[in-house]
Amino acid sequence: NIQAAILEQGGTMADSMWVWTAVDHEYIDTYQLEIPEGFYDEIEGMSFTETAQYFLKMFPQITLSLEELKAAWVEMAEEKYRHDVKLKKGLKSFLEELKKRGIRIGMATSNSRVLAEGLLESNGIRDYFDEIWTSCDVKAGKPAPDVYLKVSEELRVKPEHCLVFEDVPMGILAGKNAGMRVCAVEDAFSAHQIEKKRELADYFIHDYDEILTEKYEVL
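Just so we're clear, the structure is a prediction, and the values are computed from it rather than from any experiment.

What counts and what doesn't
- Residues numbered from 1 in each chain as written.
- Predicted model: local features only at pLDDT ≥ 70, side-chain atom pairs only at ≥ 80, totals over all residues.
- Heavy atoms only, no water.
- Phe/Tyr/Trp six-rings, centres within 6.5 Å; stacked < 30°, edge-to-face > 60°.
- Helix = DSSP H or I, 4+ residues; strand = E, 2+ residues; numbered from the N terminus.
- Buried < 20%, exposed > 50% of the residue type's maximum accessible area, 1.4 Å probe, protein only.
- Axes fitted to C-alpha atoms, helices over the stretch in contact; angles between N-to-C directions.
- Parallel < 35°, antiparallel > 145°, perpendicular 65-115°, else oblique.
- Left-handed = near helix turned anticlockwise from the far one by under 90°.
- Contact = heavy atoms within 4.5 Å.
- Nonpolar A, V, L, I, M, F, W, Y, C, P; charged D, E, K, R; others polar.
- Lys, Arg positive; Asp, Glu negative; His and termini not counted.
- Salt bridge = Lys/Arg side-chain N within 4 Å of Asp/Glu carboxyl O.
- Polar contact = N/O pair within 3.5 Å; in protein donor to acceptor, adjacent residues only side chain to side chain.

Draft legend 1. Structural detail: the packing of aromatic side chains. Considering all chains together, one arrives at 16 aromatic pairs under this definition. Consider the rings of W20 and F48, whose centres lie 6.0 Å apart with planes at 65°: the pair is edge-to-face. Linking W20 in helix α1 (residues 17-31) with F48 in helix α3 (residues 48-58), this pair joins segments that are 28 residues apart in sequence. By relative accessible area, W20 is classed as buried at 17%.

Draft legend 2. Region of interest: the packing of helix α4 (residues 66-83) against helix α6 (residues 113-122). For the pair α4 and α6, the least separation of the axes is 9 Å and the interaxial angle reads 15°. In this view, α4 runs roughly parallel relative to α6, as classed from their interaxial angle. Here α4 runs over α6; the crossing is right-handed. Across the interface between the two elements, V74, A77, E78, Y81 and R82 of α4 pack against V114, L115, G118, L119, E121 and S122 of α6. For the contact of α4 with α6, the class distribution of residues is 6 nonpolar, 2 polar and 3 charged.

Draft legend 3. Summary view of unusual backbone geometry. Cis rather than trans, the peptide bond between K142 and P143 has omega equal to 15°. The phi angle at Q32 is positive, at roughly 55°, despite the residue not being glycine. Positionally, Q32 belongs in the loop between α1 and α2 (39-43). Taking relative accessible area as the criterion, Q32 reaches 68% and is therefore assigned exposed. The backbone of E214 sits at a positive phi, close to 60°, despite the residue not being glycine. Along the chain, E214 falls in the loop between α10 (209-212) and β9 (217-218).

Draft legend 4. Focus on the side chain of E210. Among the structural elements, E210 can be located in helix α10. K89 is the oppositely charged side chain nearest to the buried, salt-bridge-free E210, at an N-O distance of 7.8 Å.

Draft legend 5. Spatial organisation of the packing of α1 against α4. At their nearest, the axes of α1 and α4 sit 10 Å apart, and the two run at 130° to each other. Overall, the two elements α1 and α4 adopt an arrangement that is oblique. Crossing of α1 against α4: the hand is right-handed. Residues W18, V19, W20, V23, E26 and Y27 of α1 pack against L69, A72, W73, M76, A77, K80 and Y81 of α4. For the contact of α1 with α4, a count of residues per class yields 11 nonpolar, no polar and 2 charged.

Draft legend 6. Quick look at the side chain of Q193. As for its position among the elements, Q193 is in the loop between β7 (181-185) and α9 (194-200). Its relative accessible area of 13% is what places Q193 among the buried residues. In this view, Q193 contacts D41, E44, V168 and P169; residues no more than four positions away in its chain are not counted.

Draft legend 7. Seen up close, α6. Of the residues making up α6, those classed as buried are L115, A116, E117, G118, L119 and L120. Residues of α6 that are buried make contact with β2 (14-15), α1, α4, β4 (104-109) and β5 (131-134). The backbone nitrogen of V114 lies 3.2 Å from a side-chain oxygen of the residue at the head of α6, namely S112. Of the residues trailing α6, G124 is marked for its positive phi of about 70°.

What follows is the structure, given as structure tokens:
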């Protein structure tokens, strides 16, 4: 009954979370920040804009405006996204198989649109996607279902016929809150959350080849 696949980007489609660790460390060194305990748990699932707002709230010594901070992050990360970030194993073959089967493909990402589009274009997979929306395009970031419901609406596929691919618990919850089935994707950045991911999701994969070879886990 699956008529559409909707994928998050960072950690789900690509091994990209290290980029933000590098960006964070640059700010930590420049502004001598002390990252409080639980900081990364708090920002999990937030939109790009929500994350920047939270960052400025937590670290008032950063005197940039919201738009200046977002622009700086994009500038710092864009080159890495275009040239250094690698796609997850088997992803392109999986996208090709979806197209062959007439399954619609959407992206629902918490990332910046500039970075999301850049990664797709540099890896030659932009044309596989029928719709691309970010959490900044809707009222609330994940775990709210807004961005997944938006992609579903634009794809003209009912939520119950959508399969979401996500790498972190807040994203998985967003898909479930949208009334969709969710496949959790292994990622080194969220390895410490693997049990929570398995608890929340319907399926689990280590890479996209496991779908094509029918070795995915049904949870």
